[in-house]
Amino acid sequence: MLSFSTLCTVANVMQCERACCEQLISRFFKAPEVSHPPKKKENRMTYTEQCVPLIRHIHCAMEKEANNKLREMDLTVSQIYLLQALNHAPDGTHTLTLKALEKQLQIGQSTTVGLVKRLQKKDFVTCTQSIDDKRIKIVALTAAGKNICSNAEAHMTHVFDHMSEGLSENEKKILLTLLTRVQQNLIPHQDSQMDPES
């Protein structure tokens, strides 16, 4: 019959063997860790990255539409801007001084003079000296010029109606308010004048 001390020794050996077996099993037969691919960062576009392409595409589309129509009228964008400035002159006079046109269109004197001369050749404007001060030039819209402005405005109304399709009247008001704010933000930074007409 085994003594108590022998039993304890055997028990200790068995315990050590079990511990060793557990270590071996855990070392060599451990289930492989499942590697998870790193989570991809969400590709969230910034506010600028979303806005810039939209503004550019809208501008390009409207510019293309305007240029196609103006080509039919044998006019440039700068020329129609000048005609529209005269068409919406204060008090319905359809006249402005050369200096006032420069300021309103934000272009230089030589560019303004060149535009007026080209439009005079097409019989859309007249340019005369002021009775009170011969140094002042008065530019006036002719009947043909008024007709061109009416056609251009009708076309732009059509373009804006198309652009605003699907917008409610309230959404159109909101859009106008936001565009006005954007314009007001940009105006103080408009130090450069419009490029001269080529």
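Here the structure is a predicted model, which means the values were calculated and not measured. Going along each chain's sequence as written, the residues are numbered from 1 onward. Reporting in this predicted model follows two pLDDT cut-offs: at least 70 for local features of residues, and 80 or more for side-chain atom pairs to be given and counted; totals over whole chains, interfaces and linings ignore these cut-offs and use all residues. Processing note: side-chain calculations cover all non-hydrogen atoms of the structure and skip hydrogens and water entirely.

(A) View of the overall build of the protein. Runs of E in the DSSP output that reach at least two residues are strands. Runs of H or I that reach at least four are helices, and both are numbered from the N terminus. Helix and strand counts for the protein stand at seven helices and three strands. Relative accessibility decides the category of a residue: with a 1.4 Å probe and only protein chains considered, values under 20% of the type maximum give buried, values over 50% give exposed, and everything between is partly exposed. Put simply, the protein has 198 residues, and 21% of those count as buried. By definition in these notes, contact holds between two residues if any of their heavy atoms fall within 4.5 Å. Partitioning the contacts of the protein with sequence separation of at least 6, the portion at a separation of at least 24 is 55%.

(B) Looking closely at the confidence of the model for the protein. The pLDDT score gives, residue by residue, the confidence of the prediction method on a 0 to 100 scale. Mean pLDDT for the protein: 80, with 73% of residues reaching 70 or above. Confidence over residues 190–198 falls short of pLDDT 50; this stretch has 16 contacts with residues more than four positions distant or in other chains.

(C) Summary view of the pairing of strand E3 (residues 137–141). By definition, two strands form a pair when at least two bridges between them are found by DSSP. The pairing of strand E1 (residues 95–97) with E3 spans three bridges and is antiparallel. Paired with Leu96 across the two strands is Val139, which belongs to E3. Two strands pair when backbone bridges link them, and strand E2 (residues 125–129) and E3 are joined in this way by five bridges, in the antiparallel orientation. Within E3, the residue paired with Gln129 across the bridge is Lys137.

(D) Looking closely at the packing of helix H2 (residues 47–73) against helix H6 (residues 143–163). Where H2 meets H6, the closest approach of the two axes is 11 Å, and the angle between their N-to-C directions is 155 degrees. Put simply, H2 runs roughly antiparallel to H6. Seen from above, H2 lies across H6 with right-handed handedness. Only Ile148, Asn151, Ala152, His155, Met156, Val159, Phe160 and Met163 of H6 make contact with H2, whose side of the interface consists of Met62, Glu65, Lys69 and Met73. Here the residues of the contact of H2 with H6 sort into eight nonpolar, two polar and two charged. Every axis in this analysis is a line fitted to C-alpha atoms, fitted for helices over the stretch in contact. Angles between the N-to-C directions lie between 0 and 180 degrees. Note on angle classes: values under 35 degrees are labelled roughly parallel, values over 145 roughly antiparallel, values of 65 to 115 roughly perpendicular, and the remainder oblique. Here is the rule for handedness: rotate from the far helix to the near one, and if that takes an anticlockwise turn smaller than a right angle the crossing is left-handed, while a clockwise turn gives right-handed. Residues are sorted three ways: Asp, Glu, Lys and Arg are charged, Ala, Val, Leu, Ile, Met, Phe, Trp, Tyr, Cys and Pro are nonpolar, and all the rest, Gly among them, are polar.

(E) Main features of the pattern of salt bridges. Just to be clear on terms, a salt bridge is a Lys or Arg side-chain nitrogen sitting within 4 Å of an Asp or Glu carboxyl oxygen. Scanning the model with the defined rule gives five salt bridges in all. Between Lys69 and Glu72 there is a salt bridge; the shortest N-O distance is 3.5 Å. With a gap of three residues between them, Lys69 and Glu72 both fall in helix H2, about one helical turn apart. Lys69 gets classed as partly exposed once you look at its relative accessible area, which sits at 25%. Taking the shortest distance from any N to any O, the salt bridge between Arg135 and Asp133 comes out at 3.0 Å. Take Arg135: its relative accessible area is 73%, and that puts it in the exposed class.

(F) Here's a closer look at helix H5 (residues 109–121). By definition here, a helix of n residues has an expected span of 1.5 Å times n minus one. Given a rise of 1.5 Å per residue, 13 residues ought to cover 18 Å, and the 19 Å separating the end C-alpha atoms of H5 matches this to within 8%. Of all the positions in H5, only Thr111, Thr112, Gly114, Leu115, Val116 and Leu119 are classed as buried. Contact partners of the buried residues in H5: helix H3 (77–87), helix H4 (98–105), E2 and E3.

(G) Here's a closer look at the sheet that holds E3. Here three strands make up an open sheet; going across it, the order is E1-E3-E2 and the pairing antiparallel. This sheet does not close on itself; its edge strands, each paired only once, are E1 and E2. Across the sheet, the axes of successive neighbouring strands diverge by a mean angle of 25 degrees, strand direction being ignored. Contacts between H3 and the sheet are confined to E1, E2 and E3, with E3 contributing the most and set at about 90 degrees to the helix.

(H) Summary view of the environment of Tyr81. Within the secondary structure, Tyr81 is located in helix H3. For the pair Tyr81 and Gln104, spaced 23 residues apart in the sequence, the C-alpha separation amounts to 9.7 Å.

(I) Local environment of the environment of Lys137. Considering the arrangement of structural elements, one finds Lys137 in strand E3. Separated by 40 residues in the primary sequence, Lys137 and Thr97 place their C-alpha atoms 5.6 Å from one another.

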